[in-house]
Amino acid sequence: MNLLPLTSVPDIEPNFNAPWLDGLQTIVSYVLATGLVIMFLLLIFAILALAFGGIFPDRARDWAGKNIVVVFIATAALGAISGLFGWFINFDFGF
């Protein structure tokens, strides 16, 4: 008994242009871009607070001294995730 010729399996062709996937891609694009901009601004603030100590208050310098490595690593990681997302999936801001 040979069952293989009795079955006909069509080629699977997924549709990645489904409307909900476009919406999800837009939302993820906005979240990644917003997070990256915020982390980049925090990194700039931390660098400026350490470089120009007399301009910023003591609490800002203390925060920057304690957290600059964490902010740098988080910015680098978020930049890498955004880069991979942009490379594999492509950013879509809905314009």
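Residues numbered from 1 in each chain as written. Predicted model: local features only at pLDDT ≥ 70, side-chain atom pairs only at ≥ 80, totals over all residues. Heavy atoms only, no water.

### Comments concerning the nonpolar core
Part 1: The biggest cluster of nonpolar side chains holds six residues, and these are L32, M39, L43, V71, L78 and F85.
Part 2: Secondary structure elements with two or more residues in this core: α1 (19-51) and α2 (58-88).
Part 3: Ignoring any residue separated from it by four or fewer positions in sequence, one finds L78 in contact with L32, G35, L36 and M39.
Part 4: Ranked by size, the runner-up nonpolar core spans five residues in total, among them A46, A49, F56 and A60. (Core = buried A, V, L, I, M, F, W, Y, C linked by side-chain atoms within 4.5 Å. Buried < 20%, exposed > 50% of the residue type's maximum accessible area, 1.4 Å probe, protein only. Helix = DSSP H or I, 4+ residues; strand = E, 2+ residues; numbered from the N terminus. Contact = heavy atoms within 4.5 Å.)

### Observations concerning the environment of R59
Part 1: Structurally, the position occupied by R59 is in helix α2.
Part 2: A C-alpha to C-alpha distance of 9.8 Å links R59 and A49, two positions ten residues apart in sequence.

### Details of unusual backbone geometry
Part 1: In this structure, N90 is a non-glycine residue whose phi angle is positive, near 90°.
Part 2: Among the structural elements, N90 can be located in the segment after α2.
Part 3: Accessibility expressed as a relative area gives 47% for N90, which makes it partly exposed.

### Describing the side chain of S82
Part 1: Relative to the helices and strands, S82 resides in helix α2.
Part 2: In contact with S82, other than residues within four places in its own chain, are L32, L36 and F91.

### Regarding the packing of aromatic side chains
Part 1: Taken as a whole, this structure holds four aromatic pairs when the rule is applied.
Part 2: Both rings, one in F45 and one in W63, keep their centres 6.1 Å apart while their planes meet at 45°; by these two values the pair is tilted. Placement of F45 in helix α1 and of W63 in helix α2 is noted, with a sequence separation of 18 residues between them.
Part 3: By way of ring pairs, the aromatic residues F45, F56 and W63 are connected into one cluster. (Phe/Tyr/Trp six-rings, centres within 6.5 Å; stacked < 30°, edge-to-face > 60°.)

### Structural notes on a nonpolar patch on the surface
Part 1: A cluster of nonpolar residues, V37, F40, L41, I44, L48, F52 and I55, forms a patch on the protein surface that exposes about 680 Å² of accessible area.
Part 2: Following the sequence through the fold, L48 ends up in helix α1. (Patch = residues over 30% accessible without salt bridge, like charges linked within 9 Å, V, L, I, M, F, W, Y side chains within 5 Å. Areas by Shrake-Rupley, 256 points an atom, 1.4 Å probe, with all protein chains shown as cover. Salt bridge = Lys/Arg side-chain N within 4 Å of Asp/Glu carboxyl O.)

### Re the packing of α1 against α2
Part 1: Axis separation between α1 and α2 bottoms out at 8 Å; the angle between their running directions is 150°. The angle between the axes of α1 and α2 places the two elements in the roughly antiparallel class. Of the two possible hands of crossing, α1 and α2 adopt the one that is left-handed.
Part 2: Across the contact of α1 with α2, the residue classes break down as 22 nonpolar, seven polar and one charged. (Axes fitted to C-alpha atoms, helices over the stretch in contact; angles between N-to-C directions. Parallel < 35°, antiparallel > 145°, perpendicular 65-115°, else oblique. Left-handed = near helix turned anticlockwise from the far one by under 90°. Nonpolar A, V, L, I, M, F, W, Y, C, P; charged D, E, K, R; others polar.)

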